[in-house]
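Letter by letter, the chains look like this.
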Amino acid sequence: MGMVYQYLNAFTFLLQATPIIGVPIADYMNAAFMRMIKDGVPYKPAPDASSNYLYFYYHLNFLQEKLGLVKSFDERHQVSERKDLLPLCPVLFCYAQDKAFMFHKESTLKKLTERKDGSKVVGFGPKWSERKTVKKEDRVGHWVQWNAAEQFNAEVKAYFAAGE
């Protein structure tokens with residue numbers, strides 16, 4: 001399926017802006033896709049299409065760069081001058097551990113954990129290898145802010161409180 005799902009998610013985010021019919025159709029498409037992938041995480045209720053804003057804006061920025069409408073990310077952030085591509089500011093990095101594929105490297109987690117600037121790494125849910133031994137309702141899945149909302153919100157509040 002590759003990146004095709006990202007275009008579907010971006011489309012449902014865009015579709016929800018259509019007056020009257022957009023939200024129910026986009027939410028239905030989003031829920032149907034989640035049922036189709038059967039990731040084993042019980043989303044109740046399922047995240048709505050507005051949860052897909054990141055997919056939309058990621059691809060919008062990508063297209064704008066490729067069409068020359070905006071400078072590339074590297075140019076805007078002087079990346080070519082930096083060896084370490086991690087943000088220069090403190091980072092709260094939250095992720096679900098019970099996914100088959102991660103969008104980050106272990107070395108990224110290690111670097112953030114070792115930083116002395118207040119950065120923090122938080123893994124939610126059981127690890128993928130423990131998935132079969134954990135009840136479905138205890139799994140987190142892709143949207144940590146949705147399926148582990150209380151823990152996620154507590155981590156975010158504590159992180160920002162510590163930085164005051």
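For the structure itself, consult the block above.
Now for a description of the structure that goes with this document. As the structure is a computational prediction, the values presented were derived from the model and not from experiment.

When helices and strands are tallied, the protein chain shows 7 helices and 2 strands. Reading the secondary structure of the protein chain in the N-to-C direction produces α-α-α-α-β-α-β-α-α. Seen through its principal axes, the protein chain has C-alpha atoms that stretch 50 × 45 × 35 Å. Of the contacts formed within the protein chain by residues at least 6 apart in sequence, a portion of 67% connects residues at least 24 apart.

So, on to the pairing of strand 2 (residues 120–124). Relative to strand 2, strand 1 (residues 92–96) is paired through 5 bridges, and the arrangement is parallel. Paired with tyrosine 95 across the bridge in strand 2 is glycine 123. Traced from strand 1 through helix 5 (residues 106–114) to strand 2, the parallel crossover comes out right-handed.

This part is about the environment of serine 72. With respect to the secondary-structure elements, serine 72 resides in the loop between helix 3 (53–66) and helix 4 (73–76). In the structure, serine 72 is positioned 38 residues away from methionine 34 in sequence and 33 Å away in space, judged by C-alpha atoms.

We now examine the packing of aromatic side chains. Counting across every chain of the model gives 8 aromatic pairs. Ring centres of tyrosine 5 and tyrosine 55 lie 5.8 Å apart, and the angle between their planes is 75 degrees; this geometry places the pair in the edge-to-face category. Remark: tyrosine 55 occurs in helix 3 and tyrosine 5 occurs in helix 1 (residues 4–15); sequence separation between them is 50 residues. A relative accessible area of 17% means that tyrosine 5 is categorised as buried. An angle of 45 degrees between the planes, with centres 5.9 Å apart, marks the rings of phenylalanine 93 and tyrosine 95 as tilted. Counting every residue linked through ring pairs, the aromatic cluster contains Tyr5, Phe33 and Tyr55.

What follows covers the nonpolar core. Among the nonpolar cores identified, the biggest contains 7 residues, and these are Ala96, Val122, Phe124, Val140, Val144, Ala148 and Phe152. Listed in part, the 6 residues of the second largest apolar core include Phe13, Phe33, Tyr55 and Phe56.

Right, let's get into the pattern of salt bridges. Following the criterion strictly, the structure yields 4 salt bridges and no others. Salt-bridge contacts for lysine 110 lead to glutamate 114; the nearest nitrogen and oxygen are separated by 2.9 Å. Placement of the pair is lysine 110 and glutamate 114 together in helix 5, with a separation of 4 residues, close to one helical turn. Under the relative-accessibility criterion, lysine 110 is labelled exposed at 52%. Lysine 120 is the salt-bridge partner of glutamate 155, the closest N and O atoms lying 2.7 Å from each other.

So, on to the side chain of histidine 59. Summarising the element assignment, histidine 59 is placed in helix 3. A residue is classified by how much of its surface remains accessible, and histidine 59, at 6% relative accessible area, is buried. Side-chain polar atoms of histidine 59 contact the side chain of glutamine 6, separated by 2.9 Å. With near-sequence residues (within four places) excluded, histidine 59 lies in contact with Met3, Gln6 and Tyr7.

Relative to the helices and strands, phenylalanine 103 resides in the loop between strand 1 and helix 5. Sequence-distant contacts of phenylalanine 103, that is, excluding residues within four places in its chain, are made with Tyr5 and His142.

Between its first and last C-alpha atoms helix 7 (residues 149–162) spans 20 Å; for 14 residues at 1.5 Å apiece the expected length is 20 Å, and the two agree. Every buried residue of helix 7 is listed here: Phe152, Glu155 and Tyr159. The buried residues of helix 7 occupy an angular sector of 65 degrees when projected down its axis, which confines them to one face. Exposed side chains of helix 7 directed beyond 90 degrees from the buried face belong to Glu150 and Lys157. In this fold, the buried residues of helix 7 make contact with strand 1, strand 2 and helix 6 (144–147).

Cut-offs used in this document
- Residue numbers run consecutively from 1 along every chain, following the written order of its sequence.
- Residue-level local features of this predicted model are given only where pLDDT is at least 70; pairs of side-chain atoms are given and counted only at 80 or more, and the full residue set underlies all totals for whole chains, interfaces and linings.
- Where side-chain values are given, they derive from all heavy atoms of the structure, hydrogens and water being excluded.
- The secondary structure listing takes helices from DSSP runs of H or I that are at least 4 residues long and strands from runs of E that are at least 2 residues long, numbered from the N terminus.
- Two residues qualify as a contact provided that any one of their heavy atoms is within 4.5 Å of a heavy atom in the partner residue.
- Two strands qualify as a pair provided that DSSP identifies no fewer than 2 bridges between them.
- Seen with the strands pointing away from the viewer, any crossover whose path from the first strand over the helix to the second strand runs clockwise is right-handed.
- Only the six-membered ring of Trp is used, alongside the rings of Phe and Tyr, when aromatic pairs are assigned; centres must lie within 6.5 Å, and planes under 30 degrees apart are stacked while those over 60 apart are edge-to-face, with the rest tilted.
- Buried residues are those whose accessible area, probed at 1.4 Å on protein chains only, stays under 20% of the maximum for their type, while exposed residues exceed 50% and partly exposed ones sit between those limits.
- As used in this record, nonpolar core signifies buried Ala, Val, Leu, Ile, Met, Phe, Trp, Tyr and Cys residues forming a set joined through side-chain atoms within 4.5 Å.
- The salt bridge criterion pairs a side-chain nitrogen of Lys or Arg with a carboxyl oxygen of Asp or Glu, the two atoms within 4 Å.
- Throughout this description, a polar contact denotes any pair of N or O atoms lying within 3.5 Å of each other; where both atoms belong to protein, one of them has to be capable of donating a hydrogen while the other can accept it, and for residues adjacent in sequence the pair is counted only when both atoms sit in side chains.
- Every helix has an expected span of 1.5 Å times one less than the residues it contains.
- What the arc measures is the spread of directions leading from the helix axis to the C-beta atoms.

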